[in-house]
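Given next are the chains, with one letter for each unit.
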Amino acid sequence: MKFPHSKQLLRIGLGLAAVVLAFGCSKKPMSLLQQANRAPEVRLTSAPVDTSGLYYYSYTVDWVGFDPDGRVDHFLYTIDPQNLHPGEDTAWVNTTANEQRLFFKSKEPLRDAGGRLLGRDFHIFLIKAVDDKGLAGPYVARAFYSYTVAPSVRITNPATGAYKAFVTPSVRISWTGEDPDGVFTTKPVKYKYILLSQSSEFPRDLAIFNPDSLRRYYQDHPLGPWAGWDSTSAETTQVQFTNLTPGNLYVFVVIAFDEAGAYSPLFDFTSNMIKLQVGFAGVLGPKITMFNEFFNFSYKNGSYNLSDAAQVKLEVPSKQFITVNWSAEPPEGADIIGFRWGLDIENVFDNTPRTNELTDIQHWSTQSNVMSATVGPFRGGETHFFFVEAEDNNGLKSLGILRMTVVESKLEKPLLLVDDTRLRVDTRSTGQSCMDLPTGPWPTRSEMDTFFVARGNQPWSCYPPGLMPTLPGVFSGYGDSSRAYMPDTIGTRIGRADLTVHLSILGHYAHILWMTDGLGAALVKPGTDLVGPMDALRYMGGPGRVNTLAAYVKQGGQVWLAGGGAGYAISDPFNDPSNDQPTKTYSFSSPRHELGPGRFMYDVAHWQSEFRVARPAMRITKATGRFRDRPDYAGLPDMLEPKAPDTDPIELEAPTRSTGNLYITTESVEFLQQPNFVQEDINPDPDIEDIESTLDTLYRVSAATLPDPGDFPGSGIDPRANPAFPVMTYYHGPAPQNTKFIMSGFPVYFFKRPQVQQLVDYVCQNIWGLVKHPTLMPARANLRRMAPAKAVSKLPSAAIRTKPLALPHPRSPQIPRD
């Protein structure tokens, strides 16, 4: 008897979508012994029950057997049999198990109600029991549809789209695939591809006009599905074509297959199809990128250009090894086959091999996949040229040239304060000789300068009479004698497009406080913008720029980077917006390549895991208990708290201001979100290893709007006693450089003056080793007694609000004012 077609089976099932059959076909006469032996039975206990449900291609089927006059010896099952007549070609599987995980083909493409691409097929599963005497009982059948989520495939190189990809006669095409419901793997099990030309079996132009017609034609090809297509394994996701005809147009198509036999049925020029316009090998080669911790430069195009315009001009520190990293982006459809490099090569067209690969660096290195080299150290005043060459598989080459001017930093002055904020600037009303009164949240730029470096005991310039004298700045006394022990200050709001603070300026100072505010760090307009220009740290940290602050640190300068926006400013050019939600704060992480080697926050600040930027009402407490082999930082204030009237009287800090301008509770803050342990060998002896932590947490931040992670596992700190995120860290690198770098994810001026003074004194004296020179400024307790009898509160209120007055600008006469 022929087994009925699947659709016929549905019709004979008494109207049921699932069909359960139990019958026998034997017509031979039985002996008395055979009649006495009753046939075994089988019952399905877990299996698809009808054709209306979604039964996926991987399904575990369970059954039980029963023999009324003996025992069940084994079972026979089959899937999608051709017929049931004995001796014909139905393949039965013999098993003694009562459970089997089965895989059903699901090849017919369709979309479900939710728009998903599925594969579907109709199947029949049959099973019967065989007893210990060899008698097979009636079989039980189930008919059902199996489903699978269709795999997907996307061409990654060249880029897909509605337009043509212009490629050379030799082109490599790469793709990626996914099988979302795969059992053993989420990769497709194989791929098939075809390259259509003008003379192909299926018309190339019809495939462009109607992509799905191509799918239908080859799915039902007379010689079998996908006849004429080439295949690759799951691990092979690229193909190389050579000797394509220049001037011709080709169409490349790739599809993926999953474990159920389903293929990716969506044929589209934004995913698995691409038009290739073949031209002659051009003159433009790979686009080279060169970078390290203080610069990152990418050429706009590939070329072999020796002119001055093609040179990347860079200031590098003297007496230091310089590591240069590189990469290259090949033309579409090409691959990089190797790089070579050299230093101060006299003739770049001289291919004489090196006599020694390590020392003869004035000739080209052997071509390889090496993508970094270390040169130097150099003496100050020298100029050196570093060359890197990239070649693709079409023989096209590009040249990168790094012109390194070596700057020797003497570090002879004690301290420089760099105002890289974009706080409100002073304005002057028309016809007035004095500046207008400051407005908006405290501080303006001048108010911040006054808080940091005012000489103290001086009258407020252009302010009404009767105000108390100025307080000494929290950094007063930490300069050199030529400035009456006042530190130098410079600003970066200079009205120029190039905001680089050159190493030749920074290199005069042994220590630098670099301050960048949170709101200013988000500005992206050029330096020439009059309203909101970007800050220098953002400018120098962007692609193609030179970060001289990192070069300064590499030469031995010590930096305190602060402001609640510094990390954001220098990392935002590499930001991945997808991880800035749902907390509506900015986040920078290593897994998303926002942090990593060659980036400032990773290499210099050593914030290497993930840091986040927010603006909460914060509580900052000193970290304790982590430093078994380091100082316990007992001299730091236990807490940093927002300004309050008892410690920061408004008549001393911001006369003529309202309390709402001075006593604010929220500010930008940057903090480490994930564990960030930095451990290094601190012993300079190459034969002795002494691994210790070189990054200490000084302060942590917590807030009601921030999650409270407690402490990181393994630190030994009770999270109930010391919760919150690291917000101020101190990196003390090992020899030979002994780098020191302090990162404060908050603005120093935000907190109570006594706490800020204690923090500044600790950093300057205990970490930097500076001496605070005595001044003739009066003690804070005597200021009230020195104040004139006339109080500011007796002035007319309108005068307080509108009279154009100015704060002193305590900058050095030798440093140009912003």
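Residues numbered from 1 in each chain as written. Predicted model: local features only at pLDDT ≥ 70, side-chain atom pairs only at ≥ 80, totals over all residues. Heavy atoms only, no water.

Describing the overall build of the chain
When helices and strands are counted, the chain shows 15 helices and 40 strands. A separation of at least 24 residues holds for 72% of the contacts in the chain among residues at least 6 apart in sequence. For the chain, the computed accessible surface area is about 37700 Å², with 53% contributed by carbon and sulfur atoms. (Helix = DSSP H or I, 4+ residues; strand = E, 2+ residues; numbered from the N terminus. Contact = heavy atoms within 4.5 Å. Areas by Shrake-Rupley, 256 points an atom, 1.4 Å probe, with all protein chains shown as cover.)

Describing unusual backbone geometry
Cis geometry is adopted by the peptide bond preceding Pro-377, which originates at Gly-376 and carries an omega value of 0 degrees. Relative to the elements of secondary structure, Pro-377 occurs in the loop between strand 23 (372–375) and strand 24 (383–392). Here Trp-442 and Pro-443 are connected by a cis peptide whose omega angle stands at 0 degrees. By secondary structure assignment, the location of Pro-443 is in the loop between strand 26 (413–419) and helix 5 (445–453). The backbone phi angle of Asp-344 is positive, close to 55 degrees, even though this residue is not glycine.

A look at empty space enclosed by the protein
Considering all chains together, one arrives at 4 cavities of 30 Å³ or more under this definition. Taken as a whole, the largest cavity holds about 160 Å³ of empty space. Every residue lining the largest cavity is counted, 20 residues in all, and those nearest its centre are Gly-541, Phe-574, Gly-598, Arg-599 and Phe-600. No other element matches helix 10 (residues 600–603), which puts 3 residues into the lining of the largest cavity. Around the second largest cavity, the lining is made up of 13 residues, and of these Thr-450, Phe-451, Trp-460, Leu-652 and Glu-653 lie nearest the centre. Take the lining of the second largest cavity: its biggest share by element is 3 residues, from helix 5. The residue inventory of the lining of the second largest cavity, partitioned by class, reads 9 nonpolar, 1 polar and 3 charged. (1 Å grid on protein atoms, 1.4 Å probe; cavity = no way out; pocket = protein on both sides within 12 Å on 5 of 7 lines; lining within 4 Å. Points joined across faces, edges and corners; volume = space filled by probe spheres on them. Nonpolar A, V, L, I, M, F, W, Y, C, P; charged D, E, K, R; others polar.)

Focus: the nonpolar core
Core analysis: the largest hydrophobic core is formed by 74 residues, its most contacted members being Phe-386, Trp-514 and Phe-741. The element best represented in this core is strand 25 (residues 397–407), accounting for 6 residues. With near-sequence residues (within four places) excluded, Phe-386 lies in contact with Val-324, Trp-326, Trp-341, Gly-342, Leu-343, Ala-373, Val-375, Gly-400, Ile-401, Leu-402 and Met-404. Listed in part, the 52 residues of the second largest apolar core include Leu-415, Phe-475, Leu-636 and Ile-650. (Core = buried A, V, L, I, M, F, W, Y, C linked by side-chain atoms within 4.5 Å. Buried < 20%, exposed > 50% of the residue type's maximum accessible area, 1.4 Å probe, protein only.)

Re the sheet that holds strand 10 (residues 152–157)
Ordered by their spatial adjacency, 3 strands build an open sheet running 10-12-15, and the pairing between neighbours is antiparallel. Strands at the two margins of the open sheet, each flanked by one partner only, are strand 10 and strand 15 (238–241). Along the sheet, successive strands turn relative to each other by an average axial angle of 25 degrees, direction set aside. Bridge count for strand 10 against strand 12 (residues 171–178) is 5 bridges, and the pairing is antiparallel. Across the sheet, Ser-152 pairs through a bridge with Glu-178, a residue of strand 12. (Pairing = 2+ DSSP bridges. Axes fitted to C-alpha atoms, helices over the stretch in contact; angles between N-to-C directions.)

Considerations on the pattern of salt bridges
Per the stated rule, a full pass over the model turns up 27 salt bridges. A salt bridge links Asp-205 to Arg-204, with the shortest nitrogen-to-oxygen separation between them at 3.1 Å. The class for Asp-205 is partly exposed, based on a relative accessible area of 47%. Given a relative accessible area of 12%, Arg-204 falls into the buried group. (Salt bridge = Lys/Arg side-chain N within 4 Å of Asp/Glu carboxyl O.)

Overview of the environment of Pro-286
Inspection of the secondary structure assignment puts Pro-286 in the loop between strand 17 (273–278) and strand 18 (287–292). Among the residues examined, Pro-286 registers a relative accessible area of 1% and is labelled buried. The sequence separation of Pro-286 and Glu-329 amounts to 43 residues, and the corresponding C-alpha distance is 5.3 Å. What Pro-286 contacts, discounting residues up to four positions off in sequence, is Gly-302, Ala-328, Glu-329, Pro-330, Pro-331, Ile-336, Ala-390, Glu-391, Asp-392, Leu-396, Lys-397 and Ser-398.

Here we look at the side chain of Ser-271
Topologically, Ser-271 is positioned in the loop between strand 16 (249–257) and strand 17. In this structure Ser-271 touches Val-153, Arg-154, Ile-155, Thr-160 and Leu-266, once residues within four positions along its chain are discounted.

Quick notes on the pairing of strand 30 (residues 558–562)
Where a strand is regular, its side chains alternate between the two sheet faces. With 5 of its 5 residues buried, strand 30 lies for the most part within the structure. Residues Gln-558, Trp-560 and Ala-562 line one face of strand 30 and the alternating positions Val-559 and Leu-561 line the opposite face, and both faces are buried. Of the strand pairs in this sheet, strand 28 (residues 509–515) and strand 30 are connected by 5 bridges, and their pairing is parallel. By the bridge assignment for strand 30, Met-515 is matched with Ala-562. The pairing of strand 30 with strand 40 (residues 740–744) spans 3 bridges and is parallel. Its bridge partner lying in strand 40, Leu-561 is registered against Met-743.

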